[in-house]
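# Architecture and fold: a report
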Protein chains: 2
Amino acid sequence: MAITIAIPKETRSGETRVAATPDTVKKWTAAGITVRIESGAGLGAAITDQAFIDAGAQIAKSAVDAIAAADIVLKVRGPEAAEIAALKSGAQVIALLDAYREKDTLTALAKAGAAAYAMEFVPRITRAQVMDALSSQANLAGYRAVIDAAAIYGKAFPMMMTAAGTVAPAKTFIMGVGVAGLQAIATARRLGAVVSATDVRPATKEQVESLGAKFTAVEDEEFKNAQTAGGYAKEMSAEYKAKQAALVTAHIAKQDIVITTALIPGRAAPILVTKEQVASMKPGSVIIDLAAPQGGNVEGCVPDQIVDVNGVKIYGPTNIVTAIASDASALYAKNLQAFVGLLITKDGALAPDFEDEILKAALITKDGAIVHPNLQS
Amino acid sequence: MAITIAIPKETRSGETRVAATPDTVKKWTAAGITVRIESGAGLGAAITDQAFIDAGAQIAKSAVDAIAAADIVLKVRGPEAAEIAALKSGAQVIALLDAYREKDTLTALAKAGAAAYAMEFVPRITRAQVMDALSSQANLAGYRAVIDAAAIYGKAFPMMMTAAGTVAPAKTFIMGVGVAGLQAIATARRLGAVVSATDVRPATKEQVESLGAKFTAVEDEEFKNAQTAGGYAKEMSAEYKAKQAALVTAHIAKQDIVITTALIPGRAAPILVTKEQVASMKPGSVIIDLAAPQGGNVEGCVPDQIVDVNGVKIYGPTNIVTAIASDASALYAKNLQAFVGLLITKDGALAPDFEDEILKAALITKDGAIVHPNLQS
């Protein structure tokens, strides 16, 4: 029997994304699945109700109306109490549950008898790449960090040769070379900045250089031998750390733009830029702190505000992808669609295989309990 | 005898630029000129009082204190009544006077016995390129228009190939290919957009294509023969205009980003995008109207607001370069410095040559009267 998928409108303050697009809806409705979307759910991502209707969806007047009969509920952020109360028992709920911080939501989902999955917990294996929401969102966060920096910065990024003189290119330093950092490097390079980057993992040097940026690290013998067979960084000596810190301090003082991206899910972000390093920068410089959701990489960062420290502007958005909600929704919806493929048959019947390693890794609540091993307290 | 140059702090709402930089100050003070800068004048452009002091300037407590003994007063925008009242008779005042609209200021300057020059009136001859403030500011306006569009747009500009699917590049259309339009094309191309552009002057086709963008115009025999020997566009036939309008209408409906740049100093801006054309665009599209200071190229544009018309966002900033005040100030200060070179000797003595064609073209008031031929009423 074909099933019903519900997409309520996001309710968190500032959350503009939506968990489905006309593109994903079309594929489900073609498979005979009923899709119920709360009216207005797509507006933050520039998707009208009519666009969803044209894709075959039904429009529900409220979240409860969308959810009530749903076998699967798709969300961006964890559901609210009223949404959880509306779930039918055994409903499958998939979202970015922020499981380490939103335990009350998990408890409520368990009590409601829902099978809830955290998209952040999808393992980073090849088969799951298409479901990797952390990567899809981090990529856009890295792009958007550079756009925000360019919007805050009172100069141009590229070098410009004009009749009245030459405008120097922006010196841009990316700290942390994961998915977000790599896209930040690529975007800053596109805009014409002079880009450097650093990371504790020596393997990132080649990636940084392949994007036309300079890798900034103390490259002594210890560094060259730092990588383990598994591609991870070894713990470096205190002596190495001190040399690297001195290098970074001298480097930051010369930068126009610094973008920090060291965000470790479920843990406090490490401080990468101290208040002394902020003070060493020229007035007019800009720092974007992508770790603001977890406390920030930059001393003095205040979440979602542009802080001015003697002319240096620090901006730490806690949900930067909401500023690029259309693409963020499109990619997240694709991630969800791939994940939903693990829960249903080709004919659109509900049949989750709880032995699948991806489902197992992402499953948080089932049969009335919080079942994920990391969340047992 | 060496002279005094004064730079008061700008007073107009939102005006963040300043008419000098440490770089220009250094050259004057090296020539024995006294430079008096009002405290805080550079802060909007990230220049501290200390940076001006280090360059050899004196800091004045107020605009009046800076101006009182000055032979030359440099401003971004036209002076206020209190500033004019503080001028000594025969003072030289140089600014972007917006002479066609701010006639009261001109009258007051004349009454005060000032020789006032409008930087907008500097002629576009080779020798005056270094003083061409309209071009230096338009160049930055074109860059900034794309940054603003990218900041407002809910998607990415470049194509991105990700595990969860491909993000399409932003289709970007630049209307009007002057200095601002050319820099907008270059910046949008840098960011990875698919760019097209149009202009009534056929000679711009080659410039557009040299930047990697597509020229969008009806290229029939009439078009090919449209250019006069002087490089100007001939008046086109009604038939041609209708064909071109149809082409542009069809083109706009497919765009994600439209940037209009048809700003004609001293005249109302022509409408380039009608409300029907706005309505034809997809929700989420963005229009930046650089002609907002002169009424706008886009129907429905409200100065300095982001207007949402069924999901299409229209933004018409009236002074966009204030968002890039450091570079805008640096280039404008260089323009002023070159212009001041026409008023003083190498030793720093005041000696304007009123027969110089550049001075003549820019001179608005002298010896108690408004003297510019375009401003006689």
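Everything here concerns the structure above.
Values in this document were obtained by computation on a predicted structure and should not be read as measured data.

Right, let's get into the relation of the copies chain B and chain A. Mapping between the two chain copies consists of a rotation about an axis together with a translation along that axis. Take chain B, turn it by 180 degrees, move it 0.0 Å along the axis, and it overlays chain A with an RMSD of 0.0 Å. Each copy turns onto its partner about a two-fold axis. For chain B, the residue whose C-alpha comes nearest the rotation axis is B:Arg190, separated from it by 2.7 Å. Comparing interface residues between copies, 100% of those in chain B also lie at the interface in chain A; the contact surface is shared.

Once that is clear, we can look at the sheet that holds strand β2 (residues 34-38) of chain B. Residues and elements named next belong to chain B. Strand order in this open sheet of eight strands is β3-β2-β1-β4-β5-β6-β16-β17, and the pairing throughout is mixed. If you trace the sheet from one side to the other, it starts and ends with β3 (58-60) and β17 (369-370), each paired once. Bridge analysis of strand β1 (residues 4-7) against strand β4 (residues 72-77) gives two bridges, and the strand direction is parallel. Each bridged residue has a counterpart across the sheet, and for Ile5 the counterpart in β4 is Ile72.

Another aspect to go through is helix α5 (residues 103-111) of chain B. In an α-helix there are 3.6 residues to a turn, and that puts residues three or four apart on one side. Residues and elements named next belong to chain B. Within α5 the residues assigned to the buried category are Thr105, Leu106, Leu109 and Ala110. The arc that holds the buried residues of α5, viewed along the axis, is 135 degrees, so those residues lie on one side. Opposite its buried face, α5 presents the exposed residues Asp104 and Lys111, each directed more than 90 degrees away. Those residues of α5 that are buried lie in contact with α4 (81-86), β5 (92-96), β6 (115-118), β16 (363-366) and β17. Gly113, located one to two residues past α5, shows a positive phi value of around 80 degrees.

All names here are of chain B. Burial analysis of β4 places five of its six residues in the buried class, which makes it a mostly covered element. One ladder, built from four bridges, connects β4 with β5; its direction is parallel. Directly across from Leu74, in β5, lies its bridge partner Ile94.

Quick look at the sheet that holds strand β10 (residues 194-198) of chain A now. Backbone hydrogen bonds are what pair the strands of a sheet, in a parallel or an antiparallel way. Residues and elements named next belong to chain A. Across the sheet, seven strands lie side by side as β11-β10-β9-β12-β13-β15-β14; this open sheet has mixed pairing. The open sheet has two edge strands with one neighbour each: β11 (214-215) and β14 (306-309). Alignment of β14 against strand β15 (residues 312-315), held across four bridges, turns out to be antiparallel. The residue of β15 that forms the bridge with Val307 is Ile314.

In total, this model carries 10 aromatic pairs over all chains according to the counting rule given. Between A:Tyr153 and A:Phe157, the aromatic rings sit 6.0 Å apart at their centres with planes inclined by 90 degrees, giving edge-to-face as the arrangement. As far as the burial class goes, A:Tyr153 and A:Phe157 line up, both buried. Ring centres of B:Tyr117 and B:Phe339 lie 5.3 Å apart, and the angle between their planes is 65 degrees; this geometry places the pair in the edge-to-face category. With a gap of 222 residues between them, B:Tyr117 in strand β6 and B:Phe339 in helix α12 (residues 325-340) connect regions that are remote in the sequence. Judged on exposure class, the residue B:Tyr117 and its partner B:Phe339 are both buried. An aromatic cluster of three or more residues is present, and its members are A:Phe215, A:Phe223 and A:Tyr240. Positioned above the aromatic ring of A:Phe354 is the side chain of A:Lys366, whose terminal nitrogen or guanidinium carbon lies 4.3 Å from the ring centre.

This part takes up the pattern of salt bridges. Taken as a whole and judged by the stated rule, the model has 40 salt bridges over all chains. Salt bridges sharing common partners tie together A:Glu10, A:Lys75 and A:Glu83.

Take the nonpolar core next. Most often, soluble globular proteins keep nonpolar side chains buried together rather than apart. A:Tyr143, A:Phe157, A:Ile288, B:Tyr143, B:Phe157 and B:Ile288 are the most contacted members of the largest nonpolar core, which has 92 residues in total. Those residues in contact with A:Ile288 that sit more than four places away from it in its chain are A:Ala145, A:Asp148, A:Ala149, A:Ile152, A:Val258, A:Ile259, A:Thr260, A:Tyr315 and A:Pro317. Counting residues in hydrophobic clusters, the runner-up holds 65 residues, among them A:Ala45, A:Ala57, A:Leu106 and A:Leu342.

Here we take up a positive patch on the surface. All names here are of chain B. A surface patch of positive charge is lined by Lys155, Lys171, Lys214 and Lys254. The residue Lys171 is located in strand β9 (residues 171-175) in this model. Given the relative accessible area of 39%, Lys171 is considered partly exposed.

Before going further, it helps to spend a moment on the interface of chain B and chain A. Each partner contributes residues to the interface: chain B has 39 residues there, and chain A has 39 residues. For the pair chain B and chain A, the summed buried surface comes to about 3,100 Å²; carbon and sulfur atoms form 62% of the total. Of all residues in chain B, B:Tyr143, B:Ala164 and B:Arg190 bury the most surface against chain A, accounting for 20% of the area lost on that side. Between the two partners, chain B and chain A, sit zero salt bridges.

Conventions we followed
By convention here, each chain's residues receive numbers from 1 onward along its written sequence. Chains carry letters and ligands carry numbers; both start at the beginning, A for chains and 1 for ligands, and go up in the order they are written. Totals for whole chains, interfaces and linings use all residues, but because this is a predicted model, local features are given only for residues with pLDDT of at least 70 and pairs of side-chain atoms are given and counted only at 80 or more. The side-chain values count all of the structure's non-hydrogen atoms but skip hydrogen atoms and water molecules. The copies were overlaid by least squares, fitting only the C-alpha atoms of residues that reach a pLDDT of 70 or more in each copy. Any two residues having at least one pair of non-hydrogen atoms within 4.5 Å are treated as being in contact. Being paired, for any two strands, means DSSP has found at least two bridges between them. Secondary structure elements follow DSSP: runs of H or I of four or more residues count as helices, runs of E of two or more count as strands, with numbering from the N terminus. Each residue is placed in one exposure class: buried if its accessible area under a 1.4 Å probe, protein chains only, is under 20% of its type's maximum, exposed if it is over 50%, and partly exposed if it falls in between. An arc is given here, and it is the one of the directions from the helix axis to the C-beta atoms. By convention, a stacked pair of Phe, Tyr or Trp rings (six-membered ring in the case of Trp) has centres within 6.5 Å and planes under 30 degrees apart, an edge-to-face pair has planes over 60 apart, and any other such pair is tilted. Sitting over a ring, as applied to charges here, requires NZ of Lys or CZ of Arg to be within 6 Å of the ring centre and within 35 degrees of the ring normal. Salt bridge, as used here, is a side-chain nitrogen of Lys or Arg placed within 4 Å of a carboxyl oxygen of Asp or Glu. Definition used in this section: a nonpolar core is a set of buried Ala, Val, Leu, Ile, Met, Phe, Trp, Tyr and Cys residues joined via side-chain atoms within 4.5 Å. Only residues whose relative accessible area exceeds 30% and that form no salt bridge enter a patch; like-charged residues are grouped when within 9 Å of one another, and nonpolar side chains (Val, Leu, Ile, Met, Phe, Trp, Tyr) when within 5 Å. In short, Shrake-Rupley with a 1.4 Å probe defines the accessible areas, and a residue's cover is counted only from the protein chains shown. For the purpose of charge, His is not counted, nor are the chain termini; Lys and Arg are scored as positive and Asp and Glu as negative. To locate a charge, the coordinates of NZ of Lys, CZ of Arg, CG of Asp or CD of Glu are taken. Buried area: the accessible surface (1.4 Å probe) lost by two parts on joining, summed over both.

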